[in-house]
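Descriptive structure summary
Given next are the chains, with one letter for each unit.
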2 protein chains.
Amino acid sequence: MPNTIRDHRVAVLAMGVLTGIVTLFADDKQPVPYPDGFRSWRHVKSLVVGPDHETFAKRGGIHHYYANETAVAGYRAGSFPDGSVVVDEAVFTKDGEGRARGITFEGERRFLDVMVKDSRRYASTGGWGYEHFDRSETTGQLSASDQGACSACHSKSPTDHVFSRLRP
Amino acid sequence: MPNTIRDHRVAVLAMGVLTGIVTLFADDKQPVPYPDGFRSWRHVKSLVVGPDHETFAKRGGIHHYYANETAVAGYRAGSFPDGSVVVDEAVFTKDGEGRARGITFEGERRFLDVMVKDSRRYASTGGWGYEHFDRSETTGQLSASDQGACSACHSKSPTDHVFSRLRP
C-alpha cells in the first residue's frame, strides 16, 4: 500500500476521533434513563395545568408525580439519596359527555419529565440529571443546555432541587 | 336472693340478647376496615369532578383511585380475587394565584370511598363490601341500606363490579 493512501486513512481516522472528542466536550450531556415501571411507584401528588396558565400550550393537562422508593425516603428526609428518581407525568384531558359532563378524564400521555439524583454523574447540574420524554417515547430529547436550564430553576428549591411535596 | 329478683335479672338479660339479635338482622351491615397505607398502593387512574357535574356538591374535587396488589392482579384479569381493595380518594382543590394562576392544586382530603372483595362476607352485596370515610375519619358511615345502593350501581359494571380501569 502506497504511503499516501495509508497516511490519508490515518488522517481521516484522527479527524474522526478529534471530532468525537470535540463533540463530547461541546455537548457533555449525561443521559438520563427512561424510568421503567414508574407507574407502579409511589404517587406523590397531582395538579392540573389549565387553559389560564402561561404554560398551557406546552404543559396543559393533569400532572402526576411519582417517586421510586429511594426518592420517597428523600421526601421524608428533605434531602435525596443517590438513586432517587422523580417523574412528572403529564396526560392530556378529555371532557366527559352526557351524564359525565363536568368530569375531566385522563387521555393519552403528553410527556414525562424525569429527574435522577447522582451526585457524581450530574455534578455539573447540582447532582441531578434531567430529561424529557415526549408522548410514549423512551429516548430523551434534552440538550445539555436544556438540562442546565432545568437545573437553574430547580436549584431555587430549598429542598434539594425538588419542588414537590409528598401528599399525606 | 328472692326468686322474683333473680327472675327479673334473667328476663332483662334475655331481652338484651333478643334486642341484640333483632338489631343484627335489622341492620346486617358488615364492617369494611379503613384501608391503612393506601397512599403507597398502586395509583390506578384519576379524574376531576368539576362544578358542571351533577354530583359536584357532594363529590367535587380531584379523585384518585388506588388498588392494593391483589386488586392490581384483578384489574389485569378482569375479575378480582378475595382481598382486593380499591380506594377512591377525593380531595378538595385550591386555585393557584399569581404566577400559578390557572393551576389547580390538591387541598385537604374530602373523603375515601372503599370497596373490598370478600365473596363470603359480602355475599349479599355481590361479594364486595362498600364504605365511605369522611375527611380524615377512620370509621365508616354507610348503613346496610347505603351499602346496598352502592352495590346496586356497581353491579352494572361488566368487570366484577369495578368501573375503573388501570391506566397504562
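Model, not experiment: these values are computed from the prediction.

Glancing now at the environment of H132(B). Residue and element names in this part refer to chain B. With respect to the helices and strands, H132 occurs in strand β5 (residues 128-134). C-alpha separation for the pair H132 and L112, spaced 20 residues apart in sequence, amounts to 5.7 Å. The residues contacting H132, other than those within four sequence positions of it, are F111, L112, D113, T139, G140, Q141 and L142. Within the structure, the side chain of H132 is placed 2.7 Å from the side chain of D113, a separation counted as a polar contact.

On the chain B side, the residues contacting the 30 residues of chain A number 30 residues. Surface buried jointly by chain A and chain B totals about 2600 Å² across both partners, of which 45% is contributed by carbon and sulfur atoms. Looking at the side of chain A facing chain B, the largest losses of area belong to R39(A), V48(A) and R167(A), adding up to 25% of the total buried there. Counting the contacts that link chain A with chain B gives six salt bridges. At the boundary of chain A with chain B, the tally comes to 28 residue pairs in polar contact (both at pLDDT 80 or more).

Glancing now at the relation of the copies chain A and chain B. After a rotation of 180° and a shift along the axis of 0.0 Å, chain A superposes on chain B with an RMSD of 0.0 Å. In short, the pair behaves as if placed about a two-fold rotation axis. Of every C-alpha in chain A, the one belonging to H43(A) sits nearest the axis of rotation, 3.1 Å from it. Most of the interface of chain A is mirrored in chain B, where 100% of its interface residues again form contacts.

Working note: non-glycine residues mostly have negative phi, and peptide bonds are mostly trans. Of note, D160(A) is a non-glycine position whose phi angle comes to about 55°, a positive value. Within the secondary structure layout, D160(A) lies in the segment after α4 (144-154).

To continue, consider the pairing of strand β2 (residues 61-67) of chain A. Residue and element names in this part refer to chain A. Burial analysis of β2 places seven of its seven residues in the buried class, which makes it a mostly covered element. By the bridge criterion, seven bridges tie strand β1 (residues 42-49) to β2 in an arrangement that is antiparallel. Of the residues in β2, the one forming a bridge with K45 is Y65. Here β2 pairs with strand β3 (residues 85-95) via six bridges, running antiparallel. Bridge assignment links Y65 to a residue of β3, and that residue is D88.

Residue and element names in this part refer to chain B. Among the structural elements, D88 can be located in strand β3 (residues 85-95). Take D88: its relative accessible area is 6%, and that puts it in the buried class. Separated by 25 residues in the primary sequence, D88 and D113 have C-alpha atoms spaced 5.0 Å apart. Those residues in contact with D88, other than ones at most four positions away along the chain, are R59, H63, H64, Y65, F111, L112 and D113. Side-chain polar atoms of D88 contact the side chain of R59, separated by 2.9 Å.

Turning to the packing of aromatic side chains, a few remarks are in order. Residue and element names in this part refer to chain A. Using the criterion set out here, one finds eight aromatic pairs over all chains in the structure. Seen from their ring centres, F38 and Y66 are 5.5 Å apart, and the 65° between their planes marks the pair as edge-to-face. Of the two residues, F38 is situated in the loop between α1 (3-26) and β1 and Y66 in strand β2; the sequence distance between them amounts to 28 residues. With a relative accessible area of 3%, F38 lands in the buried category. Judged by relative accessible area, Y66 falls into the buried class, the value being 0%.

Taken as a whole and judged by the stated rule, the model has 14 salt bridges over all chains. We note a salt bridge from D88(A) to R59(A), for which the minimum N-O separation is 2.9 Å. Here D88(A), found in strand β3, pairs with R59(A), found in helix α2 (residues 56-59); they are 29 residues apart in sequence, far enough to count as distant. Salt-bridge contacts for E106(B) lead to R167(A); the nearest nitrogen and oxygen are separated by 3.2 Å. One end of the pair, E106(B), is in strand β4 (residues 103-117); the other, R167(A), is in the segment after α4, on a second chain. We classify E106(B) as buried; its relative accessible area is 11%.

So, how was this worked out
- Residues numbered from 1 in each chain as written.
- Chains lettered and ligands numbered in written order.
- Predicted model: local features only at pLDDT ≥ 70, side-chain atom pairs only at ≥ 80, totals over all residues.
- Heavy atoms only, no water.
- Helix = DSSP H or I, 4+ residues; strand = E, 2+ residues; numbered from the N terminus.
- Contact = heavy atoms within 4.5 Å.
- Polar contact = N/O pair within 3.5 Å; in protein donor to acceptor, adjacent residues only side chain to side chain.
- Buried area = accessible area lost by both parts, 1.4 Å probe.
- Salt bridge = Lys/Arg side-chain N within 4 Å of Asp/Glu carboxyl O.
- Least-squares fit on C-alpha atoms with pLDDT ≥ 70 in both.
- Buried < 20%, exposed > 50% of the residue type's maximum accessible area, 1.4 Å probe, protein only.
- Pairing = 2+ DSSP bridges.
- Phe/Tyr/Trp six-rings, centres within 6.5 Å; stacked < 30°, edge-to-face > 60°.

Functional significance is not addressed by these values, which are geometric in nature.
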